[in-house]
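Listed below are the residues making up each chain.
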Amino acid sequence: MSSTPSKSNKKSIKDPTAASSLALLNEEIKNSEARYRELLFGLPIAVYTCNAEGYIQLYNDAAAELWGTKPLIGKDLWCGSWKIYKQDGTPLPLEECPMALALKEKRPLSFEILIERPDGSRRHIIPNPQPTFDANGNLSGAINTLIDITQQVEARKKIEASETQFSTLANNIQNLAWMANADGWVFWYNQRWYEYTDTAKEEMEGLGWQSVIEPTKLQRVQKGWKDALDTGKPFEMTFPLRGADGKFRSFITRVLPIYDGEQKIIRWVGTHTDIHEHLEHSSFLESNLKEVYEEMQAVLQFAPDAVITIDEKGVIISWNPEAEEIFGWNKKEAVGKLLTETIIPERYAQRHTKGMDHFLKTGEGPAINKPVEMFAVTKNGIEIPVELKISAAKINNSHIFIGFLRDISLRKQAQETINKKTSQLIEAQELAHIGSWEWDVKTNTIEWSDELYRIYELDPEDFEPNYESFLGYVHVDDRELMNATVQQAYKDHQSYTLIHRITCPDGTIKSLKGTGKVLTNKQGEIVRMSGTGQDITEQQKHEAELRASEERFYKIFDSNPVPMALSEIKTNKIKYVNSLFCSTFGYTKEEVIGKTTEELGLIGPQEYKRIIAYIFGFLEEKRSLEEIQALSVDETEQLLMRLKQTDAMKDFEVQYTRKSGEVFPAIISFEIIRLNSERYTVFSYQDISERKRAEELLKNQNKQLEKMNKELQSFTYISSHDLQEPLRKIQTFAGQIVETELENLSEKGKNYFLRMHNAADRMQTLIQDLLALSHANTHKGKFELTNLNDIIESVKAEFAETDILKGAIIDVQELGQVHLIPFQFQQLFLNLISNSLKFSKSGHPARINITSEKIKGHTLNHDGVKPNQTYLHISFKDQGIGFKEEFSEKIFEVFQRLHGRDQYPGTGIGLAIVKKIIENHNGFISATSELDKGTTFDIYIPAS
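Just so it is clear, the structure is predicted and the values come from calculations on it, not from any experiment. (Residues numbered from 1 in each chain as written. Predicted model: local features only at pLDDT ≥ 70, side-chain atom pairs only at ≥ 80, totals over all residues. Heavy atoms only, no water.)

A. Layout of the packing of aromatic side chains. For the structure on display, the rule yields 29 aromatic pairs. Centre to centre, the rings of Phe359 and Phe401 are 5.4 Å apart; their planes meet at 70 degrees, and the pair counts as edge-to-face. Highlighted residues: Phe359 in helix 12 (residues 346-362) and Phe401 in strand 16 (residues 398-407), separated in sequence by 42 residues. You can call Phe359 buried: its relative accessible area is 10%. (Phe/Tyr/Trp six-rings, centres within 6.5 Å; stacked < 30°, edge-to-face > 60°. Helix = DSSP H or I, 4+ residues; strand = E, 2+ residues; numbered from the N terminus. Buried < 20%, exposed > 50% of the residue type's maximum accessible area, 1.4 Å probe, protein only.)

B. Region of the structure containing the sheet that holds strand 22 (residues 564-568). A sheet is described by the order of its strands in space; here five strands give the open sequence 23-22-26-25-24, paired in antiparallel fashion. Edge strands, defined here as strands with exactly one partner in the open sheet, are strand 23 (574-577) and strand 24 (653-657). Taken pair by pair, the neighbouring strands of this sheet meet at an average axis angle of 40 degrees, ignoring direction. Taken together, the ten bridges between strand 25 (residues 663-675) and strand 26 (residues 678-687) define a ladder with antiparallel strand orientation. When the sheet's bridge partners are listed, Leu675 is paired in strand 26 with Glu678. Against the sheet, helix 18 (residues 537-559) engages strand 22, strand 23, strand 25 and strand 26, with an angle of about 65 degrees to strand 23. Seen against the sheet, helix 24 (residues 633-644) touches strand 25 and strand 26 and runs at an angle of roughly 120 degrees to strand 25. (Pairing = 2+ DSSP bridges. Axes fitted to C-alpha atoms, helices over the stretch in contact; angles between N-to-C directions. Contact = heavy atoms within 4.5 Å.)

C. Up close: the side chain of Thr597. Along the chain, Thr597 falls in helix 21 (residues 597-600). For Thr597, a relative accessible area of 10% corresponds to the buried category. Only 3.4 Å separates the side chain of Thr597 from the side chain of Glu598, close enough to count as a polar contact. Not counting residues within four places of it along the chain, the set of residues in contact with Thr597 comprises Asn572, Leu602, Ile603 and Tyr685. (Polar contact = N/O pair within 3.5 Å; in protein donor to acceptor, adjacent residues only side chain to side chain.)

D. Structural detail: a negative patch on the surface. Side chains of Asp198, Glu202, Glu203 and Glu205 sit close together on the surface and give a patch of like negative charge. Relative to the helices and strands, Glu205 is located in the loop between helix 6 (201-204) and helix 7 (215-231). (Patch = residues over 30% accessible without salt bridge, like charges linked within 9 Å, V, L, I, M, F, W, Y side chains within 5 Å. Areas by Shrake-Rupley, 256 points an atom, 1.4 Å probe, with all protein chains shown as cover. Salt bridge = Lys/Arg side-chain N within 4 Å of Asp/Glu carboxyl O. Lys, Arg positive; Asp, Glu negative; His and termini not counted. Charge placed at Lys NZ, Arg CZ, Asp CG, Glu CD.)

E. Structural context of the environment of Ser469. Looking at the element boundaries, Ser469 is found in helix 16 (residues 467-473). A C-alpha to C-alpha distance of 9.5 Å links Ser469 and Ile446, two positions 23 residues apart in sequence. Once you skip the residues sitting within four places of it in the chain, Ser469 turns out to touch Phe463 and Glu464. One polar contact links the side chain of Ser469 to the main-chain carbonyl oxygen of Glu464, over a distance of 2.9 Å.

F. Representation of the packing of helix 29 (residues 822-838) against helix 30 (residues 910-920). Contact geometry of helix 29 with helix 30 gives a least axis separation of 9 Å together with a crossing angle of 145 degrees. Both helix 29 and helix 30 take part in a crossing whose hand is left-handed. Of the residues in helix 30, those in contact with Gln824, Phe825, Gln827, Leu828, Asn831, Leu832 and Asn835 of helix 29 are Gly910, Leu911, Ile913, Val914, Ile917, Ile918 and Asn920. Here the contact of helix 29 with helix 30 is composed, by residue class, of eight nonpolar, six polar and no charged. (Left-handed = near helix turned anticlockwise from the far one by under 90°. Nonpolar A, V, L, I, M, F, W, Y, C, P; charged D, E, K, R; others polar.)

G. A look at the pairing of strand 8 (residues 186-189). In this structure, strand 7 (residues 176-181) lies alongside strand 8, joined through three bridges in antiparallel fashion. Residue pairing for strand 8: Met179 is matched across the bridge by Trp188. Counted along the chain from strand 7 to the antiparallel partner strand 8, the turn is four residues long, and its residue Gly184 has a positive phi close to 95 degrees.

H. Structural detail: the pairing of strand 15 (residues 383-395). For strand 15, the buried fraction is high: ten of the 13 residues fall into the buried class. As defined by bridge partners, strand 14 (residues 372-377) adjoins strand 15 across six bridges and the pair is classed as antiparallel. Within the sheet, the bridge partner assigned to Glu373 lies in strand 15 and is Glu387. In textbook terms, the turn of a hairpin is the stretch between consecutive antiparallel strands, and for strand 14 and strand 15 this stretch comprises five residues, one of which, Gly381, has a positive phi near 90 degrees. Between strand 15 and strand 16, which pair antiparallel in sequence order, lie two residues; one of them, Asn396, sits at a positive phi of approximately 55 degrees.

I. How the structure looks around the pattern of salt bridges. Enumeration over the complete set of coordinates arrives at 34 salt bridges. For the salt bridge of Asp634 with Arg679, the shortest nitrogen-to-oxygen distance reads 2.5 Å. Taken together, the residues span a long stretch of sequence, with Asp634 in helix 24 and Arg679 in strand 26 at a distance of 45 residues. Take Arg679: its relative accessible area is 21%, and that puts it in the partly exposed class. Across the pair Arg847 and Asp811 runs a salt bridge, and its minimum N-O distance is 3.1 Å.

J. How the structure looks around the nonpolar core. Counting residues in hydrophobic clusters, the biggest one holds 37 residues, and the most contacted among them are Leu788, Phe825, Leu828, Phe829 and Phe937. Per element, the largest residue contribution to this core is seven residues, and it comes from helix 29. Those residues in contact with Leu828 that lie beyond four places of it in its chain are Val914, Ile917, Ile918 and Ile939. Grouped together as the second largest cluster of nonpolar side chains are 32 residues, Ile612, Ala648, Met649 and Phe664 included. (Core = buried A, V, L, I, M, F, W, Y, C linked by side-chain atoms within 4.5 Å.)

K. Examining helix 7 more closely. The end-to-end C-alpha separation of helix 7 is 25 Å, in line with the 24 Å expected for 17 residues at 1.5 Å each. In this structure, the buried residues of helix 7 make contact with strand 7, strand 9 (235-242), strand 10 (248-259) and strand 11 (265-274). Just downstream of helix 7, Gly232 is the residue with a positive phi angle, here 75 degrees. (Expected span 1.5 Å × (residues − 1).)

L. Molecular detail of the packing of helix 28 (residues 788-800) against helix 29. Here helix 28 crosses helix 29 at 55 degrees, and the two axes come no closer than 9 Å. Put simply, helix 28 runs oblique to helix 29. Judged by the twist between their axes, the crossing of helix 28 over helix 29 is right-handed. Here Leu788, Ile791, Ile792, Ser794, Val795, Glu798 and Phe799 of helix 28 come into contact with helix 29, specifically with Pro822, Phe825, Gln826, Phe829, Leu830, Ile833 and Ser834. For the contact of helix 28 with helix 29, the per-class residue count stands at ten nonpolar, three polar and one charged. (Parallel < 35°, antiparallel > 145°, perpendicular 65-115°, else oblique.)

M. Just the sheet that holds strand 15, in detail. Pairing is antiparallel in the open sheet, where five strands are placed in the order 13-12-16-15-14. Across the chains shown, the open sheet's two edge strands, defined by having one partner strand only, are strand 13 (316-319) and strand 14. If you compare each strand with its neighbour and ignore which way they point, the axes differ by 35 degrees on average. Sheet topology note: the strand 12 (residues 306-311)/strand 13 ladder contains three bridges and is antiparallel. The residue of strand 13 that forms the bridge with Thr309 is Ser318. Those strands touched by helix 12 are strand 12, strand 14, strand 15 and strand 16, and its axis lies near 140 degrees from that of strand 16.

Written out as structure tokens, the structure is:
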């Protein structure tokens, strides 16, 4: 059987009709590319493109201005920035920049980076690289928009905080949740997913979710998901997911599309709700409620998280575990209560009751079998958003209502976060107060963005959209320059940037940074101009305040009476020094600024090593010099703050070298400050050369003092032994003469001899008192815990061997124990009691009263008292002859006597010894007296 060969449907390429079509097609492609370039260059934001290999193919002027340089087309890879940093300031390798990663991973991605221009300035930007694909789905390149958000970093932090809050919430809900791109590629799961499936991000990304679906259900799920992607409709299906224990549990899966402003799907958000118990509940209903089986099955296929059943009176008759999880009431607590007593907010209670009554009367209800969003309240009183579906059934002539409630907090948060991300560019422009405009030159009509109207404080209805109206709002002093700049740009076909002022309708003056670009058609004719206007009023005020603040800082810094240097934390390079620094080290400011102390040679190599070893030894760390130099700014600041919190640098002495080569000691201290958002270290230097010399002089003087003390001790020895020896012989021989030969002397001779004998006695007493005073000055002894009453008894026993007491009464209360030098306090009480006995009233027995109490230092009015110290107050009171108050200080001076030797014998040293003993105990003594009424000595010594 034969057949005639069919003719080809394809036309020969030589066919003139085909050639003509090809030419038209090429022309259309060229026109399309021209329109594409025109659109690209007309955008007010930075845009550039790369091919599939990453080589830059095209960029607009806004991109070049942002970079501060113009990359080489076809030679420079991925990005035209001079330097790129991560958000924390650490360098970002070029091959890890967003564009490189987007091309490598063939998916859009965006994260904030920091770029540095050749002039050293830095800008915060958000790149948004979008991979492009040809008709066959092969990667053809990418287009990247760069959003300058330098002034909006703080605003972005608020957005990031919101995202963190969303992520925290999403990771703590009981539902499994995920997000996918418009094409169905899953890029994010919440923590609950990973915990339930015992999987990792690398396993799940993309289509990894298929591995945890029950194999017999996988094909059905794949088909349903593909249908949803093709139609853009929500996806809902129940199927089992494998858990960490290897067992499958049934989940109801719901996936909703998220749209942008143009109603295009940009994301899918999916949740999986564990309905294992729901299905068991369904089985229970099937076995016990046969008559409503079909209806219940139809309802349960839409079952969300919580399933609650109530009767006609609103009493709860069933309450599933998910209801417990969501609302906090357990089944025993909930069943039997009215629904209005549990989850219905008070403001909805009346509406709920009326709705049930209406349904029971009419059989109709607005919420029956329809999803309704409302609020429910948990056991702890927190309101949460829920989606509610109600199904009504009649059993044995009574209605029951089955409510299916889903906690949509996560969905609400997710939707809000996605909307924020979708409108990120718009928000960034609003936060930056950047508006855009376009001027149709031929028709002289201007179109402004909403933000530009807000900047000018104008209502669109009040603005005639033409060039003349625009100029009318430019400040009168800037209007001529503005017009000349626009006309020059129009003439030269060039872009412009101009800072100018505008006057708002209410008279408010603002500063704007305006940009403009000329757009032409194929014939080179200008068809329109476009540009932006950014409100920089607050920025200029802030910059002016910063400049003024910086000027004040440097004035104060320069006039500081201490040598000071301001250094960068990371490099330790000196940014500024004051005049006293220069005079101290011998350098000019020009010689030191921009250099480190090591480069200037202010610290020698060995001294530098000693300092580093000391610091890290104090911090108990071991680090090499290379490790220290590699620290980031934050790490260096943390290290300095740790050092600041210790005593490591307290009185730390460093050997510095002046420009002249002279080495001198100095004590350094430092503080960390912020200046114009940059962090610096302020060092101050205290030249202690004079102090060191003074210390050396003091050391020599101490040696001289020690030598003098030794000589004084020698003198004391001589006084104690050599001087008293002949004096004792005089007293001995004089005593023998008085006993045996006194009657053989004339009356005159007797008088002279007795006077000589008394003078020798006084000399003996004087020498003993001088020795006691010297002993109190030079021999402090050892402090011991001593009972003061024991010392008093010892002194009284010593007096008992003589007849000096003469019936005197000494009343002593319980004085307590205190740390003191026992033999010195023995001398103190001996002198005070002797003093009271000596100056008692004639014909009256002496009466002495000794008491004590503890008091706080802050109650005492005396120099040197420690307010928080507890003192022991000893009161020594007699009823003797007393003295005038004006002598209350004089009596404690050496050789001071208020009475003649003939009236009251003594040397005038006893009370001076008492005062010195009190001072040895870090205390003080005072005396109050009145003639013929007695004297009181108040002694204060530390109680511990």
